[in-house]
Amino acid sequence: IVARDHHPDDTVIDVKGIPVGGRTVQVIAGPCSVETSEQMNTAARMVRESGCRLMRGGAYKPRTSPYSFQGHGERGLELLRESADTQQLPVVTELMDVRTLDKFLELGVEVIQIGTRNMQNFDLLKEVGRINVPVILKRGFASTISEWLMSAEYIAAGGNHNIIFCERGVRTFETAYRNMLDVTAIPFLKKETHLPVIVDPSHAGGKAWLVPALSKAAVAAGADGLLVEMHPTPCDAWCDADQALTPDELKTLMGELGAIARAI
Ligand code: PEP
Ligand code: MN
């Protein structure tokens, strides 16, 4: 179902009237995790002012250590909803467990994110395949393109064809930065599938100063959008502080991306 052979034209996914895919570049921005109502309201205003049309924020966080902040859970989802609504922004947030799906649906989460660690959680994929909410399927950090396509097929096979692929860097021999952004995956995947392909430069580079270069490379390589971490005050972030852009950096990046998108 996800193969280009099955559907020669690019699929455009409609997120509350905002097109993802086709001839647009959508930037989804916001903090790694939902922290406080003040942080979220400021972030939502900054996302809107920078020209981004969708907001991200994690309420359920897949942390390497069980002692790290795990996210506020349901309360986090509510704070994300409230802050995004003040700016009429659709939200993107990660689902880790089928048991919390009802709350996502109750709050009208517009895009459900499946994180890198759950790309092959087949029961979770089957469950989001049964609904019609758009899904961002992140690439497993050690997954091949064909495994990634098959994971998308799990979602599509259940009837949900609203799938957005997200390249977020893969683990290699290199330790100088967090992950290696697989730029090659962008044109490759766009040849293999009709579905939109976006890029997360934040979890790829792991450093805020790398994010503009990786974002521009992704758009130049044909990405349909970006998923970028931004925090009102990055040094205070509870999670992934090193890779969060400031609101001003996001605004600057948005201007630069516009020029690249028009040139290609
Ligand atoms: C995230 O986007 O919040 C996240 C945890 O990303 P990943 O699953 O790519 O690590
Ligand atoms: Mn993060």
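Residues numbered from 1 in each chain as written. Chains lettered and ligands numbered in written order. Predicted model: local features only at pLDDT ≥ 70, side-chain atom pairs only at ≥ 80, totals over all residues.

> For helix α5 (residues 145-157), give the residues involved together with the corresponding values.
End to end, α5 covers 18 Å across 13 residues, agreeing with the expected 18 Å (1.5 Å per residue, within 8%). Every buried residue of α5 is accounted for by Trp148, Ser151, Ala152, Tyr154, Ile155 and Ala156. Residues of α5 that are buried sit in contact with α4 (122-129), β7 (135-138) and β8 (163-167). (Helix = DSSP H or I, 4+ residues; strand = E, 2+ residues; numbered from the N terminus. Expected span 1.5 Å × (residues − 1). Buried ≥ 20, exposed ≤ 12 C-beta atoms within 10 Å, placed from the backbone. Contact = placed C-beta atoms within 7 Å.)

> Describe the packing of helix α1 (residues 37-50) against helix α2 (residues 74-86), with residues and values.
Taken N-terminus to C-terminus, the directions of α1 and α2 make an angle of 35°; their axes are 8 Å apart at the nearest point. Note that α1 runs across α2; the crossing there is right-handed. Contact residues: α1 offers Ser37, Met40, Asn41, Ala43 and Ala44, while α2 offers Leu79, Leu80, Ser83, Ala84 and Thr86. Split into classes, the residues belonging to the contact of α1 with α2 amount to six nonpolar, four polar and no charged. (Axes fitted to C-alpha atoms, helices over the stretch in contact; angles between N-to-C directions. Left-handed = near helix turned anticlockwise from the far one by under 90°. Nonpolar A, V, L, I, M, F, W, Y, C, P; charged D, E, K, R; others polar.)

> So what's going on with the packing of helix α8 (residues 211-220) against helix α9 (residues 247-263)? Which residues, and what values?
Relative to each other, α8 and α9 sit at 25°, their axes nearing to 9 Å. The angle between α8 and α9 falls in the class roughly parallel. Handedness of the crossing formed by α8 with α9: right-handed. Here Pro212, Ser215, Lys216, Val219 and Ala220 of α8 come into contact with α9, specifically with Leu253, Glu256, Leu257, Ile260 and Ala261. Its residues placed into classes, the contact of α8 with α9 shows seven nonpolar, one polar and two charged. (Parallel < 35°, antiparallel > 145°, perpendicular 65-115°, else oblique.)

> Hey, could you go over the sheet that holds β7 for me, with residue numbers and the actual values?
Taken in spatial order, the eight strands of this closed barrel run β3-β4-β5-β6-β7-β8-β9-β10, and their pairing is parallel. With strand direction ignored, the average angle separating the axes of adjacent strands in the sheet is 25°. Two strands pair when backbone bridges link them, and β7 and β8 are joined in this way by four bridges, in the parallel orientation. Pairing of Lys138 across the sheet is with Cys166, part of β8. Across the sheet, α1 is in contact with β3 (26-30) and β4 (54-56); its angle to β3 comes to roughly 155°. (Pairing = 2+ DSSP bridges.)

Geometric values such as these leave the question of function open.
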